[in-house]
Amino acid sequence: QVQLVESGGGLVQAGGSLRLSCAASGGTFSRYAVGWFRQAPGKERELVAAISWSGANTYVPDSVKGRFTISRDNAKNTVYLQMNSLKPEDTAVYYCAANSRTYYRNSYYVTVSSYDVWGQGTQVTVSS
């Protein structure tokens, strides 16, 4: 099955930017809807962005709207999360996830249970 590896995390000052990458191998990644989630200590895993197979449809919740952007380059088997104007409360482990079981071209998914393949996560720490 497809495997996902996140990269691009690190330490950044408040107000700064990071771009996370989710690289896929071993599957037909271009047919998978993808989501980015984050989980901070003591908190539930939280969706921060989602994108359809085609890339035509995207979603970000109000908590990050205007700051985070999801995109994909299917030719490179990669999904990106551009994070701008970072805040200390954005500190978390960030995970990418794929729905490899359905192939709806223009659908995205917003729940943890919608995804069956997960990366190992990458730490993002935002200092004040």
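Residues numbered from 1 in each chain as written. Predicted model: local features only at pLDDT ≥ 70, side-chain atom pairs only at ≥ 80, totals over all residues. Heavy atoms only, no water.

Participant: With reference to specific residues and values, describe the sheet that holds strand β3 (residues 18-25).
Facilitator: Within a beta sheet, neighbouring strands are joined by backbone hydrogen bonds and run either parallel or antiparallel to one another. One open sheet accounts for four strands, arranged β1-β3-β8-β7; its pairing is antiparallel. The open sheet is flanked by β1 (3-7) and β7 (68-73), the only strands paired with a single partner. For this sheet the average axis-to-axis angle between neighbouring strands, irrespective of direction, equals 15°. As judged from the five bridges shared by β1 and β3, these two strands associate in the antiparallel manner. (Pairing = 2+ DSSP bridges. Helix = DSSP H or I, 4+ residues; strand = E, 2+ residues; numbered from the N terminus. Axes fitted to C-alpha atoms, helices over the stretch in contact; angles between N-to-C directions.)

Participant: Outline the environment of Gly-15, supporting the account with residue identities and numerical values.
Facilitator: As for its placement among the helices and strands, Gly-15 is situated in the loop between β2 (10-13) and β3. In this structure, the C-alpha to C-alpha distance between Gly-15 and Ser-85, residues 70 residues apart in sequence, is 4.2 Å.

Participant: Tell me about the pairing of strand β11 (residues 122-127), and name the residues and values.
Facilitator: Of the two faces of β11, only one is covered, namely that formed by Thr-122, Val-124 and Val-126; the face formed by Gln-123, Thr-125 and Ser-127 stays uncovered. Pairing analysis gives four bridges linking β2 to β11, with the strands arranged parallel. Paired with Gln-13 across the strands is Ser-127, a residue of β11. Bridge analysis of strand β9 (residues 92-99) against β11 gives three bridges, and the strand direction is antiparallel. Bridge pairing links Tyr-94 to Thr-122 in β11. (Buried < 20%, exposed > 50% of the residue type's maximum accessible area, 1.4 Å probe, protein only.)

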